[in-house]
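Each chain, letter by letter, is given below.
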Amino acid sequence: ALSEMTAERVGVVLLCGGFDRVLGNGVFKGMINVGLPSGKSILQLYCERMQRLCHTLQRRTEMLAVGRSSRAISIPLYIMTNQWNHEEIKEFFEENKFFGLLPTQV
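Worth saying up front: this structure is predicted, and the values here are computed from it rather than measured.

Calculation notes
Residues numbered from 1 in each chain as written. Predicted model: local features only at pLDDT ≥ 70, side-chain atom pairs only at ≥ 80, totals over all residues. Heavy atoms only, no water. Helix = DSSP H or I, 4+ residues; strand = E, 2+ residues; numbered from the N terminus. Buried < 20%, exposed > 50% of the residue type's maximum accessible area, 1.4 Å probe, protein only. Contact = heavy atoms within 4.5 Å. Core = buried A, V, L, I, M, F, W, Y, C linked by side-chain atoms within 4.5 Å. Patch = residues over 30% accessible without salt bridge, like charges linked within 9 Å, V, L, I, M, F, W, Y side chains within 5 Å. Areas by Shrake-Rupley, 256 points an atom, 1.4 Å probe, with all protein chains shown as cover. Salt bridge = Lys/Arg side-chain N within 4 Å of Asp/Glu carboxyl O. Lys, Arg positive; Asp, Glu negative; His and termini not counted. Charge placed at Lys NZ, Arg CZ, Asp CG, Glu CD. Arc of directions from axis to C-beta. Phe/Tyr/Trp six-rings, centres within 6.5 Å; stacked < 30°, edge-to-face > 60°.

A. Quick look at the overall build of the protein chain. Tallying secondary structure elements over the protein chain gives three helices and two strands in all. Shown N-terminal to C-terminal, the secondary structure of the protein chain runs as helices and strands in the order α-β-α-β-α. Looking at the protein chain as a whole, 31% of its 106 residues qualify as buried. For the protein chain, contacts bridging at least 24 residues in sequence account for 59% of all contacts bridging at least 6.

B. Region of interest: the nonpolar core. Of all hydrophobic cores here, the largest spans 20 residues; its most connected members are Met31, Leu43, Cys47, Leu77, Ile89, Phe93 and Leu101. It is helix H2 (residues 42–64) that contributes the most residues to this core, five residues altogether. Those residues in contact with Leu77, other than ones at most four positions away along the chain, are Val12, Leu14, Cys47, Met50, Phe93, Leu101, Gln105 and Val106.

C. Highlighting a negative patch on the surface. On the surface, a cluster of negative charge is made up of Glu87, Glu91, Glu94 and Glu95. Mapped onto the elements of the fold, Glu87 is located in helix H3 (residues 86–95). For Glu87, a relative accessible area of 46% gives the class partly exposed.

D. Examining H3 more closely. All of the buried residues along H3 are Ile89, Phe92 and Phe93. End-on view of H3: buried residues confined to an arc of 95°, all on one side of the axis. A positive backbone phi angle near 50° is found at Lys97, which sits one or two residues after H3.

E. View of the packing of aromatic side chains. What the rule picks out here adds up to three aromatic pairs. Their ring planes at 55° and their centres at 5.5 Å tell us that Phe92 and Phe99 sit as a pair that is tilted. Residue Phe99 is classed as buried on the basis of its relative accessible area, which comes to 10%. Between Phe93 and Phe99, the aromatic rings sit 5.6 Å apart at their centres with planes inclined by 80°, giving edge-to-face as the arrangement. Taken individually, Phe93 and Phe99 each receive the classification buried, so the pair is uniform in this respect. In textbook terms, an aromatic cluster arises when at least three aromatic residues are bridged by ring pairs, as seen for Phe92, Phe93, Phe98 and Phe99.

F. Representation of the environment of Ile79 in the model. When you line up the elements, Ile79 lands in strand E2 (residues 77–80). Of the residues examined, Ile79 reaches a relative accessible area of 21% and is grouped as partly exposed. For the pair Ile79 and Leu15, spaced 64 residues apart in sequence, the C-alpha to C-alpha distance is 6.0 Å. Not counting the four nearest positions on each side in its chain, Ile79 is found in contact with Leu14, Cys16, Ile89, Phe93 and Val106.

Here you go:
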């Protein structure tokens, strides 16, 4: 699995279509505060997890590539949206600077 990730043959897919009707926030579920003290959204939590994964992979490949230069590891994030939420989710990522991910990664 490590070799597949470092060779950029792996990506993450998030299905992002549900609208919050229960909590009354009036936004798409991935954008709501899930009740953590940090106030982070589900999308932010996933992006932070991806950052940690890329960092961990980078460190492991650097340890294995002693004496060789290694390139930055970037795992693409594909977000499946729909016609009702695409623009709102796109703006949410842009407003939050892609939660630390590269814009080209999302």
